[in-house]
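Letter by letter, the chains look like this.
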Amino acid sequence: MIPFLFSLNRNEILKMPSIKLKKGRDKSFNRKHPWIFSGAIDSVKDIKVNGETVDIISGDGKFLGYGSYSLQSQISVRVLSFNPGDKIGREFIQQRIENAIQFRKQIINDESTNAYRIINAESDSLPGLVVDKYADFLVCQFLSSGAEFWKKEIIEILSNHFKPKGIFERSDSDVREKEGLQQSKGILYGKASEGLIEIIENGNKFLVDIVLGHKTGFYLDQRVNRKLLQNFSAGSEILNCFSYTGGFSVYALKAGASKVINVDSSAEALSLAEKNFALNEIDSSKYENTQDDVFKYLRKLRDTNKQFDVIVLDPPKFAESVSQIEKAARGYKDINLLALKLLKNNGVLFTFSCSGHIVPDLFNKIIADAAADAGREVHILKYLTQSPDHTMLTSFPEGLYLKGLVCKVN
Ligand code: SAH
């Protein structure tokens with residue numbers, strides 16, 4: 001073996017997998033955008049394993065940094081480091097994870113809120129990796145081949161740090177297939193949660209189903225917006241559309257709402273909402289759960305004379321891709337127009353879009369169009385976005401997906 005090794009020249013021995021960009025295609029990298037698309041790549045060398053770490057070389061041969069290479073995705077490289085002086089390995093990953101944890105310690109009081117996002121993928125410089133904490137359990141999503149490549153190390157680092165009862169994987173997302181990975185779901189460490197997990201969020205209690213619930217179980221991104229609703233809740237009659245497990249409703253009722261109607265198409269979500277009301281000792285005369293399609297239900301209400309003090313519209317993602325933007329915009333306009341008509345004078349609308357492809361300007365325009373068609377005067381009281389544990393980077397605008405408006409309606 002040794003004589004053979006010595007017969008190789010130095011470059012061959014030190015050979016690292018690498019990608020070379022096309023000439024002039026390093027602008028996005030230089031602005032620290034973490035994605036390199038296949039069209040920007042001139043050549044690849046010595047890449048064997050999906051997700052392995054590659055050197056990134058500019059078109060004129062300059063060593064730029066490191067990334068994880070996907071053998072299948074159009075996003076060929078997700079940048080791990082913009083600094084050629086870094087050494088990519090377990091310690092590097094650990095440093096990134098600890099940095100993310102440190103920030104959550106600064107912004108979250110674990111006594112009143114024990115469920116939050118610990119790692120927000122690209123926006124925490126750990127592409128494709130999502131980690132949410134639900135009390136003593138962690139739920140992970142490995143959404144890129146790079147995140148999958150480092151899975152073992154990531155689980156070890158997280159289990160050493162948090163000593164959780166269990167770490168559960170919810171990589172059951174379509175995006176895995178674009179990366180050449182199969183969907184995956186199950187226990188990665190420790191034990192399974194026995195049934196639902198009880199969490200506390202701003203002092204409110206919720207039961208979370210990390211196995212069957214949406215995303216990793218709960219819409220943690222709406223935490224700050226749920227709290228804001230409390231300012232408009234006392235004595236109010238509230239319609240909570242797309243209510244899921246009653247997040248906005250529990251906050252509103254705890255803050256003195258006189259009545260809340262939850263509308264959702266999912267029987268399971270509404271049944272969990274019922275449990276959440278009981279857990280927070282909310283009197284059953286204060287709420288109604290209605291299983292229906294919101295588009296149809298708002299029309300039914302339009303045909304009655306019912307009016308509300310506050311309406312919340314928090315629909316699922318209507319635009320999954322650029323090609324769906326127009327149709328999604330029509331959907332958003334439709335529900336907002338209907339809701340605006342159902343509000344009392346000086347009523348308040350909390351309206352959201354979690355479609356990343358619907359940019360803030362477009363969302364504002366949709367609401368303005370709905371206001372014009374509804375014949376209502378709409379004041380914007382506040383622009384909303386995702387809770388700060390769902391970090392955003394100026395260099396990665398794709399990380400902003402949740403937009404919301406609080407509107408006063410006359
Ligand atoms: N506001 C919630 C999250 C809403 S998620 C919270 O704070 O937790 C979106 C919800 O919309 C899901 O519960 C889903 O079941 C429901 N949904 C999707 N399409 C729907 C439709 N057409 N009509 C009613 N509910 C719908």
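Residues numbered from 1 in each chain as written. Predicted model: local features only at pLDDT ≥ 70, side-chain atom pairs only at ≥ 80, totals over all residues. Heavy atoms only, no water.

Novice: Whenever I open this one, the overall build of the chain confuses me. Can you help?
Specialist: Counting its secondary structure elements, the chain contains 13 helices and 20 strands. Computed over its C-alpha atoms, the radius of gyration of the chain comes to 24 Å, within 12% of the 22 Å expected for a compact globule of 410 residues. Summarising its shape, the C-alpha atoms of the chain cover approximately 90 × 45 × 35 Å along the three principal directions. With 410 residues in all, the chain has 52% of them scored as buried. Looking at the chain alone, contacts between residues at least 24 apart form 64% of all its contacts between residues at least 6 apart. (Helix = DSSP H or I, 4+ residues; strand = E, 2+ residues; numbered from the N terminus. Rg over C-alpha atoms; globule rule 2.2 N^0.38 Å. Buried < 20%, exposed > 50% of the residue type's maximum accessible area, 1.4 Å probe, protein only. Contact = heavy atoms within 4.5 Å.)

Novice: Teacher, can you tell me more about the site of the ligand here?
Specialist: Not every one of the 15 residues close to the ligand is listed here, only the nearest: Arg226, Asp264, Ser265, Val294 and Asp314. Between the ligand and arginine 226 there is a distance of 2.7 Å, counted from an oxygen atom to a side-chain nitrogen or oxygen. Between serine 265 and the ligand, the recorded distance is 3.0 Å, taken from a backbone N or O atom to a nitrogen atom. Here the ligand has 580 Å² of accessible area as a free molecule, and 90% of this is covered by the chains. Among the residues forming the shell around the ligand, the class breakdown is six nonpolar, four polar and five charged. (Near = heavy atom within 4 Å. Polar contact = N/O pair within 3.5 Å; in protein donor to acceptor, adjacent residues only side chain to side chain. Areas by Shrake-Rupley, 256 points an atom, 1.4 Å probe, with all protein chains shown as cover. Nonpolar A, V, L, I, M, F, W, Y, C, P; charged D, E, K, R; others polar.)

Novice: Explain the nonpolar core here, please?
Specialist: Across soluble globular proteins, you tend to see nonpolar side chains buried next to one another. Residues Tyr134, Ile199 and Phe350 are the most contacted members of the largest nonpolar core, which totals 37 residues. Secondary-structure elements contributing two or more residues to this core are strand 9 (137-142), strand 12 (197-201), strand 13 (204-208), helix 8 (223-229), helix 9 (247-254), helix 10 (267-279), strand 17 (308-313) and strand 18 (343-353). If one sorts the elements of this core by residue count, helix 9 sits on top with five residues. For phenylalanine 350, the residues in contact, after removing those within four places along its chain, are Asn225, Leu228, Leu229, Phe232, Ile311, Val312, Leu313, Leu384, Leu405 and Val406. (Core = buried A, V, L, I, M, F, W, Y, C linked by side-chain atoms within 4.5 Å.)

Novice: Is there a simple way to think about the sheet that holds strand 2 (residues 35-37) in this case?
Specialist: Two modes of strand pairing occur in sheets, parallel and antiparallel, and in both the strands are linked by backbone hydrogen bonds. The strand order across the open sheet built from six strands is 2-6-5-4-1-3, with neighbouring strands paired in mixed fashion. A strand with exactly one partner marks an edge of an open sheet, and here the two such strands are strand 2 and strand 3 (41-45). Each neighbouring strand pair of the sheet contributes to a mean axis angle of 35°, computed without reference to strand direction. Bridge count between strand 1 (residues 18-21) and strand 3: four bridges; the pairing is antiparallel. Each residue of the ladder has a partner; that of isoleucine 19, found in strand 3, is valine 44. (Pairing = 2+ DSSP bridges. Axes fitted to C-alpha atoms, helices over the stretch in contact; angles between N-to-C directions.)

Novice: Help me understand the packing of aromatic side chains, please; the structure alone is not making it clear to me.
Specialist: Two numbers describe a pair of aromatic rings. These are the distance of the centres and the angle of the planes. For the coordinates displayed, the defined rule picks out 14 aromatic pairs. Seen from their ring centres, phenylalanine 149 and tryptophan 150 are 5.4 Å apart, and the 80° between their planes marks the pair as edge-to-face. For phenylalanine 149, a relative accessible area of 35% gives the class partly exposed. Among the residues examined, tryptophan 150 registers a relative accessible area of 10% and is labelled buried. Ring plane angle 45° and centroid distance 4.9 Å describe the contact between phenylalanine 206 and phenylalanine 218, whose orientation is recorded as tilted. Of this pair, phenylalanine 206 sits in strand 13 while phenylalanine 218 sits in the loop between strand 13 and helix 8, placing them twelve residues apart in sequence. Each member of the pair, phenylalanine 206 together with phenylalanine 218, is buried. Of the aromatic side chains, those joined through ring pairs into one cluster are Phe295, Phe318, Tyr332 and Phe363. Across from the ring centre of phenylalanine 142, 5.0 Å away, lies the NZ or CZ of lysine 151, which sits over that ring. (Phe/Tyr/Trp six-rings, centres within 6.5 Å; stacked < 30°, edge-to-face > 60°. Lys NZ or Arg CZ within 6 Å of the ring centre and 35° of its normal.)

Novice: Sorry, what's going on with helix 12 (residues 325-341) here?
Specialist: With 17 residues, helix 12 extends 24 Å between its outermost C-alpha atoms, agreeing within 8% with the 24 Å of an ideal straight helix rising 1.5 Å per residue. Buried within helix 12 we find Ala328, Ala329, Gly331, Tyr332, Ile335, Asn336, Leu337, Leu338, Ala339 and Leu340. Residues of helix 12 that are buried sit in contact with helix 11 (294-302), strand 17, strand 18, helix 13 (360-374), strand 19 (378-385) and strand 20 (403-409). (Expected span 1.5 Å × (residues − 1).)

Novice: I would appreciate a short explanation of the pattern of salt bridges in the present structure.
Specialist: Side chains bearing opposite charge may pair, as long as their charged atoms lie close to each other. As enumerated under the stated definition, the model contains 26 salt bridges in all. Glutamate 156 is the partner of arginine 90 in a salt bridge, and the nearest nitrogen-oxygen pair spans 2.4 Å. Here arginine 90 is found in helix 4 (residues 90-107), whereas its partner glutamate 156 is found in helix 6 (residues 151-162), with 66 residues between them in sequence. Taking relative accessible area as the criterion, arginine 90 reaches 32% and is therefore assigned partly exposed. Across the pair lysine 333 and aspartate 373 runs a salt bridge whose closest N-O atoms are separated by 2.7 Å. With lysine 333 in helix 12 and aspartate 373 in helix 13, the pair connects residues that are 40 residues apart, well separated along the chain. (Salt bridge = Lys/Arg side-chain N within 4 Å of Asp/Glu carboxyl O.)

Novice: Help me understand unusual backbone geometry, please; the structure alone is not making it clear to me.
Specialist: The phi angle of most residues is negative, glycine excepted, and most peptide bonds adopt the trans form. The phi torsion at alanine 121 lies on the positive side, around 50°, for a residue other than glycine. Secondary-structure assignment places alanine 121 in the loop between strand 7 (115-120) and strand 8 (129-134).

Novice: Honestly, empty space enclosed by the protein in this entry has me stumped. Any pointers?
Specialist: The method is simple in principle: a probe with the dimensions of a water molecule rolls over the atoms, and the space it marks as empty is what remains. All chains considered together, the criterion is met by three cavities of 30 Å³ or more. What the largest cavity holds in volume is close to 70 Å³. For the lining of the largest cavity, the per-class residue count stands at eight nonpolar, two polar and no charged. (1 Å grid on protein atoms, 1.4 Å probe; cavity = no way out; pocket = protein on both sides within 12 Å on 5 of 7 lines; lining within 4 Å. Points joined across faces, edges and corners; volume = space filled by probe spheres on them.)

Novice: What exactly am I supposed to notice about the sheet that holds strand 16 (residues 287-291) here?
Specialist: In space, the seven strands of this open sheet follow the order 16-15-14-17-18-20-19, with mixed pairing throughout. Bordering the open sheet on either side are strand 16 and strand 19, each of which pairs with just one other strand. Adjacent strand axes in the sheet meet at a mean angle of 15° when their direction is disregarded. Pairing geometry for strand 19 and strand 20, over seven bridges, is antiparallel. If you follow histidine 379 over to strand 20, its bridge partner there is lysine 408. On the sheet, helix 10 packs against strand 15 (259-264) and strand 16 and is oriented at approximately 170° with respect to strand 16. In the packing of helix 11 onto the sheet, contacts are made with strand 14 (237-241), strand 15, strand 16 and strand 17, and the angle to strand 14 comes to roughly 150°.

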